[in-house]
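For reference, the chains in residue letters:
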Amino acid sequence: MIVDCAVYENGARAKESLDLDHALDAARARGGFVWIGLHEPTADEFATVAEAFDLHPLAVEDAIHAHQRPKLERYGDSLFMVFKPSRYVDAEEVVEVGQIMVFLGPEFVVTVRHGPSALTDVRRVLEEDPDRLQWGPASVLYAIADKVVDDYAAVMVGLDNDIDQIEQSVFAGPKPTHAERIFKLKREVLDFRRAVDPLEPPLAELAGGIKPVDERSADYFRDVHDHVTRVSEHLAGLDALLDSALNANVAQVGMRQNEDMRKITAWVAIIATPTMIAGIYGMNFEHMPELEWTFGYPLTLSLMVIVCIALYRNFKRRDWL
């Protein structure tokens, strides 16, 4: 359950390993903070952590169930923030979305992960930057926000490439319908927007300064907010582009069906003429025009051919064939 537990003081990680019961006491005694990382804890497993850090029951419930939108909530002198990290699986054209919940207090950070997301690299990079670590718990919150939003940019690259392929395919000429692929990508874009768009207000609030977040981090949160805003605007453009591609594809399918119907109608008209003539002369009446004439049969065949050729040329000229 507990992936890592460490105490940080003066911008550095304490060398000794401390268990949950002693980590917070050590952080308070040294004027630092403790960062505990958990991965998909159960209610019973998380109960000990919640009790040790006096976490609010509503936030604890959200962290365990892991089906939350990105948000920032304040409980007394602590904060609870939800991120939805994402990555793009290009082979399947799927956006995989996880969950990271952050409990932040003046002397502690508790992170709870659900899904494929990982914070190992975030912790390593942050530990290599002692100046930023001196911000306290705010440094962890910023590092997580920055990592999540940077990963959004990689997702955008994957979506851009696949949507460009769809645009080229839709307008490349008569081909099978692309509606299924377009619908699938549109669904992924909508799911991704649910991870990105709700993150803007919390980041804007952090950029404006909020306790217990260190004031020195406000400018950095403002930069992250700017990045997520650009991603959100880009996503809105991709969503509209997929709508246009879908409409264009549906229109092309309708046009191809109309063209097929015109061709079928033209061929039916061409075939109907000799069928009608042959039907008349096949009725076996005694008194028929040219029935006993030597050239009656070749004349009838010639008439069929001439009428069929005339109809074919007329339909060809009208672009029905």
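Report on the accompanying structure. Note that this is a predicted model, so its numbers are computed, not measured.

Digging into the overall build of the protein
If you tally the helices and strands in the protein, you get 10 helices and nine strands. Rg of the C-alpha trace for the protein: 35 Å, well past the compact-globule value of 20 Å for 321 residues, more than 25% over. With 321 residues in all, the protein has 43% of them scored as buried. Taking the intrachain contacts of the protein between residues at least 6 apart in sequence as the baseline, contacts between residues at least 24 apart amount to 67%. Accessible surface computed for the protein: about 17500 Å², of which carbon and sulfur atoms make up 54%. Here the protein contributes 32 positive and 52 negative side-chain charges, whose respective centroids are spaced 6 Å apart.

Looking at a nonpolar patch on the surface
On the surface, M261, I264 and V268 cluster together to form a nonpolar patch covering roughly 300 Å² of accessible area. Inspection of the secondary structure puts I264 in helix α9 (residues 218-281). Judged by its relative accessible area of 48%, I264 falls in the partly exposed class.

Here's the deal with the packing of aromatic side chains
For the coordinates displayed, the defined rule picks out 11 aromatic pairs. On the basis of an interplanar angle of 45° and a centroid distance of 5.0 Å, the ring pair of F53 and F108 is categorised as tilted. On the criterion of sequence distance, the pair formed by F53 in helix α2 (residues 43-53) and F108 in strand β9 (residues 108-114) is long-range, its members being 55 residues apart. Centre to centre, the rings of Y142 and F221 are 5.9 Å apart; their planes meet at 90°, and the pair counts as edge-to-face. Here the residue Y142 occupies a position in helix α6 (residues 137-170), and F221 occupies one in helix α9, the gap between them amounting to 79 residues. Taken together, the aromatic side chains of W135, Y142, Y220 and F221 make up a single cluster linked through ring pairs. For the cation-ring pair, R123 lies above W35, with the distance from its terminal atom to the ring centre recorded as 3.9 Å.

Remarks on the nonpolar core
If you look at soluble globular proteins, the nonpolar side chains tend to sit buried side by side. Within the largest apolar cluster, 58 residues are counted, with the highest numbers of intra-cluster contacts made by F83, Y152, L159 and F192. It is α6 that contributes the most residues to this core, 16 residues altogether. Setting aside residues no more than four positions away along its own chain, F83 makes contact with G98, Q99, I100, V102, L141, I144, A145, V148 and L199. If you look at the next biggest cluster of nonpolar residues, it comprises 28 residues, including A14, A23, I36 and V82.

A look at empty space enclosed by the protein
Per the counting criterion, the structure on display carries one cavity of 30 Å³ or more. The wall of the largest cavity is formed by L55, H56, A59, Y75, S78, L79, F80, F103, L104 and F108. For the lining of the largest cavity, the secondary structure elements donating two or more residues are β5 (78-83) and β8 (99-105). Grouping the constituent residues of the lining of the largest cavity by class yields eight nonpolar, two polar and no charged.

A look at the pairing of strand β1 (residues 2-9)
Consecutive residues of a regular strand have side chains that alternate between opposite faces of the sheet. Where β1 and strand β3 (residues 33-39) come together, six bridges link them in antiparallel fashion. Bridge pairing links Y8 to F33 in β3. Note that β1 and strand β2 (residues 12-13) share two bridges and pair antiparallel. Counterpart to Y8 in the pairing with β2 is R13. In textbook terms, the turn of a hairpin is the stretch between consecutive antiparallel strands, and for β1 and β2 this stretch comprises two residues, one of which, N10, has a positive phi near 55°.

As for the sheet that holds β8
Spatially, seven strands are ordered β2-β1-β3-β9-β8-β5-β4 in an open sheet, and the strand pairing comes out mixed. Every interior strand has two partners, whereas the edge strands, β2 and β4 (71-75), have only one. Pairing between β5 and β8: five bridges, direction antiparallel. Bridge assignment links M81 to a residue of β8, and that residue is V102. Here helix α1 (residues 20-30) sits on the sheet and contacts β1, β3 and β9; the angle it forms with β1, its principal contact strand, is near 15°. Against the sheet, helix α8 (residues 200-207) makes contact with β4 and β5, and its axis sits at roughly 50° relative to β4, the strand it touches most.

A word on the pattern of salt bridges
The final tally for this structure, using the stated rule, is 23 salt bridges. Salt-bridge contacts for R13 lead to D4; the nearest nitrogen and oxygen are separated by 2.9 Å. Its relative accessible area of 33% is what places R13 among the partly exposed residues. D239 is paired through a salt bridge with R193; the nearest N and O atoms lie 3.1 Å apart. Here R193 lies in helix α7 (residues 179-196) and D239 lies in helix α9, a separation of 46 residues in the sequence. By relative accessible area, D239 is classed as buried at 9%. For R193, a relative accessible area of 22% corresponds to the partly exposed category. Here the residues in one salt-bridge network are K186, R193, D197, D239 and D243, joined through shared partners.

Procedures and definitions
Residues numbered from 1 in each chain as written. Predicted model: local features only at pLDDT ≥ 70, side-chain atom pairs only at ≥ 80, totals over all residues. Heavy atoms only, no water. Helix = DSSP H or I, 4+ residues; strand = E, 2+ residues; numbered from the N terminus. Rg over C-alpha atoms; globule rule 2.2 N^0.38 Å. Buried < 20%, exposed > 50% of the residue type's maximum accessible area, 1.4 Å probe, protein only. Contact = heavy atoms within 4.5 Å. Areas by Shrake-Rupley, 256 points an atom, 1.4 Å probe, with all protein chains shown as cover. Lys, Arg positive; Asp, Glu negative; His and termini not counted. Charge placed at Lys NZ, Arg CZ, Asp CG, Glu CD. Patch = residues over 30% accessible without salt bridge, like charges linked within 9 Å, V, L, I, M, F, W, Y side chains within 5 Å. Salt bridge = Lys/Arg side-chain N within 4 Å of Asp/Glu carboxyl O. Phe/Tyr/Trp six-rings, centres within 6.5 Å; stacked < 30°, edge-to-face > 60°. Lys NZ or Arg CZ within 6 Å of the ring centre and 35° of its normal. Core = buried A, V, L, I, M, F, W, Y, C linked by side-chain atoms within 4.5 Å. 1 Å grid on protein atoms, 1.4 Å probe; cavity = no way out; pocket = protein on both sides within 12 Å on 5 of 7 lines; lining within 4 Å. Points joined across faces, edges and corners; volume = space filled by probe spheres on them. Nonpolar A, V, L, I, M, F, W, Y, C, P; charged D, E, K, R; others polar. Pairing = 2+ DSSP bridges. Axes fitted to C-alpha atoms, helices over the stretch in contact; angles between N-to-C directions.

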